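Fold and contact review
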Protein chains: 2
Amino acid sequence: MNAAQKLGFSANSKLLIIHADDAGLSHSENRATMQVLENGFVNSYSIMVPCPWFYEMAQYAKNNPRHDCGIHLTLTCEWENYKFGPVLPISEVPSLVDSNGHFYKKREQLRENASPEHVQKELKAQIDKALQFGLKPTHIDSHMYSVGSDTQFFKIYKELGKEYDLPVLLNKQLMELVGLPPAENIDAEDFIIDKTYVGEFKYFEAGKLSDFYSAVLNDLQSGLNLLLIHPAFDDNEMQGVTVNHPNFGAAWRQIDFDFFTNKENQLILEENNIELITWKDINNRI
Amino acid sequence: MNAAQKLGFSANSKLLIIHADDAGLSHSENRATMQVLENGFVNSYSIMVPCPWFYEMAQYAKNNPRHDCGIHLTLTCEWENYKFGPVLPISEVPSLVDSNGHFYKKREQLRENASPEHVQKELKAQIDKALQFGLKPTHIDSHMYSVGSDTQFFKIYKELGKEYDLPVLLNKQLMELVGLPPAENIDAEDFIIDKTYVGEFKYFEAGKLSDFYSAVLNDLQSGLNLLLIHPAFDDNEMQGVTVNHPNFGAAWRQIDFDFFTNKENQLILEENNIELITWKDINNRI
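Residues numbered from 1 in each chain as written. Chains lettered and ligands numbered in written order. Predicted model: local features only at pLDDT ≥ 70, side-chain atom pairs only at ≥ 80, totals over all residues. Heavy atoms only, no water.

What follows concerns the overall build of chain A. From N to C terminus, chain A includes 14 helices and 7 strands. The C-alpha atoms of chain A give a radius of gyration of 18 Å, which matches the 19 Å a tight globule of 286 residues would have. Seen along its three principal axes, the alpha-carbon backbone of chain A occupies a region of about 55 × 45 × 35 Å. A buried classification covers 60% of the 286 residues belonging to chain A. At a minimum sequence separation of 6, the contacts of chain A that also span at least 24 residues come to 74%. (Helix = DSSP H or I, 4+ residues; strand = E, 2+ residues; numbered from the N terminus. Rg over C-alpha atoms; globule rule 2.2 N^0.38 Å. Buried < 20%, exposed > 50% of the residue type's maximum accessible area, 1.4 Å probe, protein only. Contact = heavy atoms within 4.5 Å.)

This is the structure in structure tokens:
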């Protein structure tokens, strides 16, 4: 039984969430996210609570509850010059940060250094801060899927979903991508996204990222699908954020923005009988 | 005896520091600050340690020790959507923040709410964080001159200068601007800048900000003068930071950038026998 059937759809329904990650990261990311939601065909997004532009995006989320909005739980900061760290005082979660008090750049550093206790405290604090700001989150997911860097972190992530009664992004491909064996970390009652799509650097490098997105939409299989994108503008701010990091860099994010605000691309959904679905819909049905 | 004489210059020397405030505030501010130092005729700046782009500017400062670089001690965040707060955990300095954990927008709120103990701890932590990052500050000054909102805060500010052996921006006009009586708050041994210039909203509003800067340079009086500017670009990021706040807003900051990178304006210095001087020079002579 695929996830679409579990939600009460027919087995051959092609369900899709088009999801913007990384809201709150920067003003550029926020502006682009608002525009793809309003003028494009993106129908869900999630916010990074520890980031400098969280407040702006949180205000938007409160004023626009019609849009699905999750919490993009954050334990890593992959950027060279633009740094952020835990919402909790560093003294409470010292194993999550480098010598400057910032999150580690890589999942591997997180796995090697972070204590499960600190991961649990910090992730809970991020959700609590979002709630305190008046957000009504529709789901939780994970920046760089770094919760998948360790079995214990992953368990904490799943438990937080239960504790706050929120659907959690679980997907075998993402787990495999970050090296977490799905068989040992998925329980029978877990609600799993059938298939997740995210751009890869080889497509970006070859100038084929838009082609990849077209192919995802044209070749979408039945079941519950999730397409993760990162819309922002290739402007000075975003070039500063992503300096020396072309993977998910400013130029990549501009392509995401352009593709998902293009009306011609939106037509591909209809041509292929793709139904957009939100995390809110999922939560109402599971 | 004017401050120029105290530094060993003749009484009729026209000394000037052209100082960029607010480095670290944003990527736009950082880029513009680096450019006015390298390609313009700005010769000193100070960094806001609690701000999101502190790290980028701190790296620059470490790699470019030839430029005067102070610490722009920060106790307020005047922006609507772009928020920051103390470097210390909020639980250690609760009187410095609003219900969201951010600095107050106005000096008056700071005066009404902040305890001197918390002001002292936070300002010290900002200096310590800068030192820990490897900065070798040449001076300390104060964002929005908010240390002048209260006699006790001002005393703390002056004491920090002594404790860290750093010159402190003291000036009667700035004190009057923020409502602190100079007579009661200046001691005989304090080293005082003779005259400080900063743009006013009436000039900006009337399109006369550049004229103001020209007049400052053309009419400069003898003694030690300080011109405070806020260079940044009128780009998307800075428009987001300063939204609904045209006073020292993005368009204003672009004018500052343009004026102080214009070679024709630089010639006014020579025409008027103005000598540029840094805080490092001052510290070597007092």
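Time to look at helix α3 (residues 54–63) of chain A. All names here are of chain A. Of all 10 residues making up α3, 7 are buried, and the element is well covered by its neighbours. Listed as buried for α3 are Phe54, Tyr55, Glu56, Met57, Ala58, Tyr60 and Ala61. Buried-residue contacts for α3 involve β1 (14–23), α2 (27–38), β2 (44–47), β3 (68–73) and α5 (116–132).

Residues and elements named next belong to chain B. Of all 10 residues that make up strand β1 (residues 14–23), 9 are buried, and the element is covered over most of its length. When β1 meets strand β6 (residues 223–229), the two strands line up parallel, connected through 7 bridges. By the bridge assignment for β6, His19 is matched with Leu228. Both β1 and strand β7 (residues 274–276) contribute to a ladder of 3 bridges, which runs parallel. Of the residues in β7, the one forming a bridge with Lys14 is Ile274. Relative to strand β2 (residues 44–47), β1 runs parallel, the two being bridged by 3 bridges. By the bridge assignment, Ala23 is partnered in β2 with Ile47. Read from β1 through helix α2 (residues 27–38) to β2, the crossover connection turns out right-handed. (Pairing = 2+ DSSP bridges. Right-handed = clockwise from strand over helix to strand, strands pointing away.)

The subject of this paragraph is the relation of the copies chain B and chain A. After a rotation of 180° and a shift along the axis of 0.0 Å, chain B superposes on chain A with an RMSD of 0.0 Å. On the angle and the small slide along the axis, the relation comes out as a two-fold axis. Among all residues of chain B, the minimum C-alpha distance to the rotation axis is found for Pro89 of chain B, at 2.6 Å. Interface overlap between copies is the fraction of interface residues in one copy that are interface residues in the other; for chain B against chain A it reaches 100%, indicating a shared surface. (Least-squares fit on C-alpha atoms with pLDDT ≥ 70 in both.)

With that settled, consider the packing of helix α10 (residues 209–218) of chain B against helix α12 (residues 250–259) of chain B. All names here are of chain B. Running from N to C, α10 and α12 point in directions that differ by 45°, and their axes come no closer than 10 Å. With respect to their mutual orientation, α10 and α12 come out oblique. In this structure, α10 meets α12 at a crossing whose hand is right-handed. Mapping the contact onto sequence places Leu209, Ser210, Tyr213, Ser214 and Leu217 in α10 and Trp252, Ile255, Asp256 and Phe259 in α12. Partitioned by chemical class, the residues of the contact of α10 with α12 number 6 nonpolar, 2 polar and 1 charged. (Axes fitted to C-alpha atoms, helices over the stretch in contact; angles between N-to-C directions. Parallel < 35°, antiparallel > 145°, perpendicular 65-115°, else oblique. Left-handed = near helix turned anticlockwise from the far one by under 90°. Nonpolar A, V, L, I, M, F, W, Y, C, P; charged D, E, K, R; others polar.)

Residues and elements named next belong to chain B. By the element assignment, Lys83 lies in the loop between β3 (68–73) and α4 (107–113). Buried charge without a salt bridge: Lys83, with Asp98 as the nearest opposite-charge side chain at an N-O distance of 5.2 Å. A distance of 2.8 Å separates a polar side-chain atom of Lys83 from the backbone oxygen of Trp79. (Lys, Arg positive; Asp, Glu negative; His and termini not counted. Salt bridge = Lys/Arg side-chain N within 4 Å of Asp/Glu carboxyl O. Polar contact = N/O pair within 3.5 Å; in protein donor to acceptor, adjacent residues only side chain to side chain.)

What follows concerns α2 of chain B. Across its 12 residues, α2 of chain B extends 16 Å between first and last C-alpha, which sits within 8% of the 16 Å expected from 1.5 Å per residue. Counting buried residues along α2 of chain B, 10 of its 12 residues qualify, which places the element largely inside the surrounding structure. As for α2 of chain B, its buried residues are in contact with α11 (236–241) of chain A together with β1, β2, α3 (54–63), α11 (236–241) and α12 of chain B. (Expected span 1.5 Å × (residues − 1).)

On to the environment of Ser115 of chain A, then. All names here are of chain A. Looking at the element boundaries, Ser115 is found in the loop between α4 (107–113) and α5. For Ser115 and Gln152, which are 37 residues apart along the polypeptide, the C-alpha to C-alpha distance reads 9.3 Å. Ignoring sequence-local partners within four residues, the contact set of Ser115 consists of Ser95 and Phe153.

Throughout the structure, instances matching the rule amount to 36 aromatic pairs over all chains. Measuring from ring centre to ring centre gives 5.8 Å for Phe154 of chain A and Tyr157 of chain A, while their planes differ by 45°; the resulting arrangement is tilted. Remark: Tyr157 of chain A and Phe154 of chain A occur in helix α6 (residues 151–163); sequence separation between them is 3 residues, near one turn of the helix. Relative accessible area serves as the criterion here: at 1%, Phe154 of chain A is assigned to the buried category. The exposure class assigned to Tyr157 of chain A is buried, which follows from its relative accessible area of 0%. The side chain of Lys83 of chain A reaches across the aromatic face of Tyr55 of chain B, ending 5.7 Å from its centre. (Phe/Tyr/Trp six-rings, centres within 6.5 Å; stacked < 30°, edge-to-face > 60°. Lys NZ or Arg CZ within 6 Å of the ring centre and 35° of its normal.)

This model, assessed by the stated rule, comprises 18 salt bridges over all chains. A salt bridge links Lys162 of chain B to Glu189 of chain B; its shortest N-O distance comes to 3.9 Å. Taken together, the residues span a long stretch of sequence, with Lys162 of chain B in helix α6 (residues 151–164) and Glu189 of chain B in the loop between α8 (182–185) and β5 (195–198) at a distance of 27 residues. Of the two residues examined, Lys162 of chain B and Glu189 of chain B, each falls in the exposed class. Connected through salt bridges with shared partners, the residues Asp22, Glu29 and Arg253 of chain A form a single ionic network.

Geometric descriptors of this kind do not, in isolation, establish any biological role.
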